[in-house]
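# Per-entry structural report
Next come the chains, spelled out residue by residue.
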Amino acid sequence: MINSSKEVLRINNLKLFYPNSTESVLNGLNLKIKRGDRLALVGSSGCGKSTVAKAVMQLLPYGSICRGEIILNGKNVVNLDEISLQTIRGKQVGLIFQDPMSRLNPIMTIGAHLVDTFRSHYNSESTNCLTKRAKKILERVGIDSLRFNSFPHEFSGGMRQRVAIALAICLRPTLIIADEPTTSLDTIVADQIMSELSLLCDEIGTALLLISHDLSMVYKWCNKIAILDYGQI
């Protein structure tokens, strides 16, 4: 049974400025996510929803100013160096982008993406062992392991999003951030993707932060909603 009292993420008074800007994108943001939560972050376009995801992952443009605390599993990621951040990304928090092609390398096979992700954290294991892990993950997101050597352009939008989910969950992080994961998909495929993502999060005990403007989808798949406006909840 999932211990829902365990805090996965806590953001305290987060203020964020992009390079060469005197106006803050986030202005004293506070947010808390516990294990088992399905929290939706909603708000109008340009309000800073995706910036929250980038801040948690510390994938901000060079020169950005980030003040406050982002406590991920007890560690303030704002104070971590790049090497420490690399050990956290994927292992403690996984990110699913709106457009999976923005993460997928067009000249790498789907299988190579997964093996490369596993190797970054399990470099002592053989390639054969990592390949078996990768094929198992593909099957869990509804992709036949026979597609292991396929390239991203050979997949439909829905299939590429399944690959993105596989990459996000493969290291069993405590938090998944899904940034508008179904925007480019039709309604039926979007529902399938969210169903699979929700089930996988339940299975591995992962909290979900869903960034979306689709209130009907949020109502169906999340148990909490936070509205972002003027850089605050």
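The structure reproduced in this document is the subject of the present report. (Residues numbered from 1 in each chain as written. Predicted model: local features only at pLDDT ≥ 70, side-chain atom pairs only at ≥ 80, totals over all residues. Heavy atoms only, no water.)

Time to look at the packing of aromatic side chains. A full pass over the atoms with the stated rule returns one aromatic pair. On the basis of an interplanar angle of 40 degrees and a centroid distance of 6.4 Å, the ring pair of Phe-118 and Tyr-122 is categorised as tilted. Since its relative accessible area comes to 2%, Phe-118 is described here as buried. Judged by its relative accessible area of 22%, Tyr-122 is partly exposed. When the ring centre of Phe-118 is taken as reference, the NZ or CZ atom of Arg-133 above it lies at 5.6 Å. In this structure, Lys-135 is placed above the aromatic ring of Phe-148, and the distance from its NZ or CZ to the ring centre is 5.4 Å. (Phe/Tyr/Trp six-rings, centres within 6.5 Å; stacked < 30°, edge-to-face > 60°. Buried < 20%, exposed > 50% of the residue type's maximum accessible area, 1.4 Å probe, protein only. Lys NZ or Arg CZ within 6 Å of the ring centre and 35° of its normal.)

A word on the pairing of strand 1 (residues 7-17). Sheet analysis places strand 1 next to strand 2 (residues 26-34), joined by seven bridges and oriented antiparallel. The residue bridging Ile-11 from the neighbouring strand is Leu-31, located in strand 2. Relative to strand 4 (residues 65-72), strand 1 is paired through seven bridges, and the arrangement is antiparallel. Note that in strand 4 the partner of Ile-11 across the bridge is Ile-70. (Pairing = 2+ DSSP bridges. Helix = DSSP H or I, 4+ residues; strand = E, 2+ residues; numbered from the N terminus.)

It is worth spelling out the pattern of salt bridges at this point. Counted under the stated rule, the structure contains eight salt bridges. A salt bridge links Glu-7 to Arg-10; the nearest nitrogen and oxygen atoms lie 2.4 Å apart. When its relative accessible area of 29% is taken as the criterion, Arg-10 is described as partly exposed. Of the charged contacts in the structure, one is a salt bridge between Asp-37 and Lys-224, with a shortest N-O distance of 3.3 Å. Of this pair, Asp-37 sits in the loop between strand 2 and strand 3 (38-42) while Lys-224 sits in strand 9 (residues 224-227), and the two are 187 residues apart along the sequence. The exposure class of Asp-37 is buried, given its relative accessible area of 8%. (Salt bridge = Lys/Arg side-chain N within 4 Å of Asp/Glu carboxyl O.)

Honestly, it's all geometry; don't read function into it.
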